[in-house]
Amino acid sequence: MVGLCAGVACADAAVPAGAADPDGMVDADARTDGSFTADADAVVSSSVVVLPDTQFYTCAYPAIFNSQAQWVLDHHESRQIELVLHTGDIVDMGLPSQWQTAAESLHRLDSVVPYLLTTGNHDMAGTRASLFGQYFRVADVATNTWELTSRDPTRVDNSYAVITLNGQRWIFLGLEFSPRDAVVQWASDVLAAHADLPAVLFTHAYLYSDGRRYDRSIQPMQPYHPDLYRYTPDEGMNDGEDLWRKLIEPHENVRLVLSGHVIPDGTAHSTATRKSGSQVHQVLANYQGCDACPCSQAMGGGGYLRVLTFDQTGERIHVSTYSPYLKAALTEAENDFLLPLR
């Protein structure tokens, strides 16, 4: 999230309610630890794990970040986890110690589970300078087990990969916080070059908690709007509505957009319809609950991550929410829902 309140009360929030049913994580046969019961005949669908803002884990709760990585390693075969995404704000203050904490957790996935990362406002200065590229080099993240294409050979925050889910190839495209005009044009070219593949776009700030996109025309300005941070304004600053107009509306293959950034109410999902009649699902997740480290009441987000299970039929995605650290699921409608694909 942010170190800028922009009119929103910055108070600690409790760990989200609704965590009483750990067995409801993704499937009815999931154990408390998120694993499957032993059923050799069960058909396992491909899944993608999404890590929302982890900044406070690197600042004060490294064991929580580590538990998320360990859960992925423990279940990447049983849950058929094909990819891990991070929607930005990997660290809190950009300190070497925090980047090292993030690297120690995420690099455990190297050569085991592919992962794509993008940067949030806390991961870089206003000039976009960052230690990010030193701790997550393209050569390290793009191991010999999969292929990643990055716009900048020194950083992976604007990058994409083609991943096979249940036999269907998908393109996953990550964009930096408040993407620059040149980045948006690059992304448009990527989507056009892969127009035959369904696409998932993920970035740090896109959807607000009321289900509307970040849009500078909305007044008063939505809290934490990307424009408030003034990241390289001479190179262009694109908010959610800009991304809709320039990328998502024109490119019919974009089926899903993922983002984080928003507090204190950091969950929302909505469906947008293009002029053509095709639909795009927009999903927000951020469990931090407060605006300053150590965020002790909510433990920086309680370790909650999102699991996107892509149905074998290709007709829907099941979005569920689970904390490996707390061994608990969130099962309310805003945290456990279906997204139809057809």
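Enquirer: So what exactly am I meant to see when it comes to the nonpolar core here?
Expert: Most often, soluble globular proteins have nonpolar side chains that are buried together. If you look at the biggest cluster of nonpolar residues, it comprises 55 residues, and the most contacted ones within it are F136 and F172. For this core, the element with the highest residue contribution is helix α2 (residues 62-75), accounting for 5 residues. Residues contacting F172, with those up to four places away along its chain left out, are V48, L83, L85, L116, S159, Y160, A161, I163, L165, V200, F202 and F310. Counting 35 residues, the second-largest nonpolar core is a separate cluster that includes M124, W186, A199 and L207.

Enquirer: Any chance you could explain the sheet that holds strand β8 (residues 254-259) here in plain terms?
Expert: One key point about sheets: their strands pair by backbone hydrogen bonds, in either a parallel or an antiparallel sense. Read across the open sheet, the 7 strands follow the order β4-β5-β6-β7-β8-β10-β9; overall the sheet is mixed. Of all strands in the sheet, those with a lone pairing partner are β4 (149-152) and β9 (267-273), marking the two edges. Averaged over all adjacent pairs, the angle separating strand axes in this sheet is 15 degrees, with direction ignored. On the sheet, helix α6 (residues 181-193) packs against β4, β5 (155-165), β6 (168-175), β7 (199-203) and β8 and is oriented at approximately 175 degrees with respect to β6.

Enquirer: Please explain the packing of α6 against helix α7 (residues 240-248) as it appears in this structure.
Expert: The packing of two helices is summarised by the inter-axis angle and the distance between the axes. At a closest axis distance of 10 Å, the pairing of α6 and α7 adopts a crossing angle of 40 degrees. Like other packed secondary-structure pairs, α6 and α7 cross with a definite hand, here right-handed. Residue-level inspection shows D181, V184, A187, S188 and L191 of α6 in contact with α7, the latter providing L243, K246 and L247. Of the residues belonging to the contact of α6 with α7, the class tally is 5 nonpolar, 1 polar and 2 charged.

Rules used in this analysis
Residues numbered from 1 in each chain as written. Predicted model: local features only at pLDDT ≥ 70, side-chain atom pairs only at ≥ 80, totals over all residues. Heavy atoms only, no water. Core = buried A, V, L, I, M, F, W, Y, C linked by side-chain atoms within 4.5 Å. Buried < 20%, exposed > 50% of the residue type's maximum accessible area, 1.4 Å probe, protein only. Helix = DSSP H or I, 4+ residues; strand = E, 2+ residues; numbered from the N terminus. Contact = heavy atoms within 4.5 Å. Pairing = 2+ DSSP bridges. Axes fitted to C-alpha atoms, helices over the stretch in contact; angles between N-to-C directions. Left-handed = near helix turned anticlockwise from the far one by under 90°. Nonpolar A, V, L, I, M, F, W, Y, C, P; charged D, E, K, R; others polar.

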